[in-house]
Each structure stands twice: as C-alpha cells, then as structure tokens.
Amino acid sequence: MPDTNDAIPPNLASLHAGEEFLRSKAIGLVAGDERLRLHLAITEAAMDLADVLRQFDTADEDLKVVQLLGMRTFNAFGASVKLALSGYGQNSALILRDVVETVFLIDYFAGDRTLIERWRFADKKARLRDFGPVKVREALDARHGFTDKKRFAMYEMFSELAGHPTMKSAFMMRPQRDGDAVIGPFMEATTLEAVVSELGRLAIQVGEQLNLFFPADWPQGLPSRLAFAKLKQRWIATFYPSPSPAAPKSDEPGGA
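Residues numbered from 1 in each chain as written. Predicted model: local features only at pLDDT ≥ 70, side-chain atom pairs only at ≥ 80, totals over all residues. Heavy atoms only, no water.

Some points on a nonpolar patch on the surface
Point 1. Taken together, the side chains of Ile8, Leu12 and Leu15 make up a nonpolar region of the molecular surface, amounting to roughly 260 Å² of accessible area.
Point 2. As for its placement among the helices and strands, Ile8 is situated in the segment before helix H1 (10-31). (Patch = residues over 30% accessible without salt bridge, like charges linked within 9 Å, V, L, I, M, F, W, Y side chains within 5 Å. Areas by Shrake-Rupley, 256 points an atom, 1.4 Å probe, with all protein chains shown as cover. Salt bridge = Lys/Arg side-chain N within 4 Å of Asp/Glu carboxyl O. Helix = DSSP H or I, 4+ residues; strand = E, 2+ residues; numbered from the N terminus.)

Structure follows, in structure tokens:
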C-alpha cells in the first residue's frame, strides 16, 4: 500500500485547507441570503434536467448531441459552483462563459434541428465559421426578431473580466474594489453574490432550452421538468416581479 502522506506537496495541501475554510464561510453567506439559495437551487434543477435527459435511451444521433451538450453544462455548473464557493470567483466566471456559448448553441438547434447534423459533420473551419458564438448570436437575433443584448452582454462581460487577461480582469482579483489584487482564493460577499447570481440566470436559460428536447411521452423526465418549472416560476417572481396593478381611484372627494 503506497504511503499517501507525502503525495500532495505541503503548499498545495495548505492551499486546499484554505479553500475548505473559505467554502465554509461561503456556505454561511449563502445560508443567510434567500436569493443566493434560490440561485443555487435553480442551478441544481437545471443540472438535474441535464442528468435526466442524458438517461433517455435513443438511437437518434442528433439528440445524442444535445444530451452531450447538456452534460457539458452539468460539468460546467458543478465546477463553477465549486470554484465560487472556494474563493475563485474569476475562474468560476470563466467557466460560465463556456455555458453561455453552449446555451447559444442549444437554442440555435432548438429552433432548427437540421442544424445539429450540419454541426456534427462540420470540420473545424466550418464549425468556427457557421457555429461560432457571434454567428450563432446573430442568427438567433434574426430568428427571434430582436437583439438579445443582455445575453450577449453577459458573454462579453465574462470574456473581459474572466476569459482574457485584460486590465479589467484584475477587478475580480481584488477583495475590495479600490484595494490591491491578491494571489490565491478569497471570499468576499459582493463577488460571491455576483457570480452566484449569474449562475442562476444561466441556469434558467439552460433549463429552458434542454426542456425543449425532452420527449413529450417520456414519463421518467416529468418529475425533473416539473421541479424545474416550479423553481423557475419562483425565481422569476423573485428577481423579475410583475408590476403591481394601479390602485383604483377613490370616488371620495380628495381621493387619489
């Protein structure tokens, strides 16, 4: 039996201990914030949809592509949550940029499923030309008849703050906005809230798109779909509440 005591260099072991300490601190922050808990709950529900969809036994190669893309989002969400709770907010956001690209693609396929076969057989050059994030976003804009500025702005934000080594990317390495950048993980409530809220927003999009590919007559998928739908309603009511109807004017003199 090999001796595992020295398998991990001491500095890496110490770093892991620090990450676990930050995770406990992050969980405390989440426990005290109902909104953060809701973002993580909808993320888990979207991950569950991806997990259940992959279990559908099919010979349809196009559907298998969507199952794989769903599995990709599952892995990305899992890694992003782990990094966010361990103090690596920038790296968590970097992974979310991949989720944005993936959900662009799933949305694109949902509107025209013949595109899946084209994508499957496209070479690298054709895939970049016809299915890159900018091309897909433009096609989705044309299909839907409007520009989804928020979703693409999210992609650009992740690129600038996490995906590319820019001066602005240093913002996510600072525990305080006007402070110095630090090396290694750190836990700060504003950064955690920013990353977890983007997790929730992306989870809504991923779940909505994956839901479109569930076979309507497959009962095994129903519990997961219903759970997601209920959480989605709660999430939308919390973060995008409908405006209250105007109060009726009073008939009394001097009434509003």
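Still to come is the rest of the account.
A closer look at the pattern of salt bridges
Point 1. This model, assessed by the stated rule, comprises nine salt bridges.
Point 2. Across the salt bridge formed by Lys64 and Glu61, the nearest N and O atoms sit 3.2 Å from each other. Of this pair, Lys64 and Glu61 both sit in helix H3 (residues 61-85), separated by three residues, roughly a single helical turn.
Point 3. The exposure class assigned to Lys64 is partly exposed, which follows from its relative accessible area of 30%.
Point 4. The exposure class assigned to Glu61 is partly exposed, which follows from its relative accessible area of 39%. (Buried < 20%, exposed > 50% of the residue type's maximum accessible area, 1.4 Å probe, protein only.)

Quick look at empty space enclosed by the protein
Point 1. Scanning the entire structure with this criterion turns up one cavity of 30 Å³ or more.
Point 2. Around the largest cavity, the lining residues are Ala84, Gly87, Tyr88, Gly89, Phe186, Met187, Glu188, Thr191, Leu192 and Val195.
Point 3. At three residues, the largest contribution of residues to the lining of the largest cavity is made by helix H9 (residues 189-211). (1 Å grid on protein atoms, 1.4 Å probe; cavity = no way out; pocket = protein on both sides within 12 Å on 5 of 7 lines; lining within 4 Å. Points joined across faces, edges and corners; volume = space filled by probe spheres on them.)

Things to note about the side chain of Gln209
Point 1. Relative to the helices and strands, Gln209 is located in helix H9.
Point 2. Residue Gln209 is classed as buried on the basis of its relative accessible area, which comes to 11%.
Point 3. Setting aside chain neighbours within four positions, we find Gln209 in contact with Val103, Ile106, Asp107 and Ala110. (Contact = heavy atoms within 4.5 Å.)

Concerning the packing of helix H2 (residues 34-54) against helix H10 (residues 222-239)
Point 1. Two elements in contact, H2 and H10, have axes separated by 9 Å at closest approach and are oriented at 150 degrees. When the interaxial angle is binned, H2 and H10 end up roughly antiparallel. Once H2 is placed against H10, the crossing between them reads as left-handed. Contacts from Glu34, Arg35, Leu38, His39, Ala41, Ile42, Ala45, Ala46, Asp48, Leu49 and Val52 of H2 reach H10 at Ser224, Arg225, Phe228, Leu231, Lys232, Arg234, Trp235, Thr238 and Phe239. (Axes fitted to C-alpha atoms, helices over the stretch in contact; angles between N-to-C directions. Parallel < 35°, antiparallel > 145°, perpendicular 65-115°, else oblique. Left-handed = near helix turned anticlockwise from the far one by under 90°.)

Some points on the environment of Glu61
Point 1. When the C-alpha atoms of Glu61 and Glu117 are compared, they prove to be 8.2 Å apart, with 56 residues separating the residues in sequence.
Point 2. In this structure the side chain of Glu61 is engaged in a polar contact, spanning 3.2 Å, whose partner is the side chain of Lys64. (Polar contact = N/O pair within 3.5 Å; in protein donor to acceptor, adjacent residues only side chain to side chain.)

Some words on the packing of H3 against H9
Point 1. It is at 11 Å that the axes of H3 and H9 come closest, and there the two elements cross at 165 degrees. The angle between H3 and H9 places the two elements in the roughly antiparallel class. Considering only the axes of H3 and H9, their crossing is left-handed. Taking contact as the criterion, the partners of Val66, Gly70, Thr73, Phe77, Ser80, Val81, Ala84 and Leu85 in H3 are, on H9, Leu192, Val195, Leu199, Leu202, Ala203, Val206 and Leu210.
Point 2. Of the residues belonging to the contact of H3 with H9, the class tally is twelve nonpolar, three polar and no charged. (Nonpolar A, V, L, I, M, F, W, Y, C, P; charged D, E, K, R; others polar.)

Focus on the packing of aromatic side chains
Point 1. Applying the stated criterion to the full structure yields seven aromatic pairs.
Point 2. Between Phe56 and Trp218, the ring centres sit 5.1 Å apart and the planes meet at 70 degrees, which makes this aromatic pair edge-to-face. A residue pair is termed long-range when its members are at least 10 positions apart, and Phe56 in the loop between H2 and H3 and Trp218 in the loop between H9 and H10 qualify at 162 residues.
Point 3. With a centroid separation of 6.3 Å and 65 degrees between ring planes, the pair formed by Phe109 and Phe131 is classed as edge-to-face. Residue Phe109 is found in helix H4 (residues 89-111), and its partner Phe131 is found in helix H6 (residues 124-131); the two are separated by 22 residues along the sequence. (Phe/Tyr/Trp six-rings, centres within 6.5 Å; stacked < 30°, edge-to-face > 60°.)

Notes on the nonpolar core
Point 1. Counting residues in each nonpolar core, the largest one holds 55 residues, and the members touching the most others are Ile42, Phe77, Phe109, Phe131, Leu192 and Phe213.
Point 2. When residues of this core are traced back to their parent elements, those giving at least two are H1, H2, H3, H4, helix H5 (114-121), helix H7 (133-144), H9 and H10.
Point 3. The dominant element in this core, judged by the number of residues it contributes, is H2, at ten residues.
Point 4. Each residue touching Leu192, except ones within four places of it in the same chain, is listed here: Ala26, Leu29, Val30, Ala84, Leu85 and Met187. (Core = buried A, V, L, I, M, F, W, Y, C linked by side-chain atoms within 4.5 Å.)

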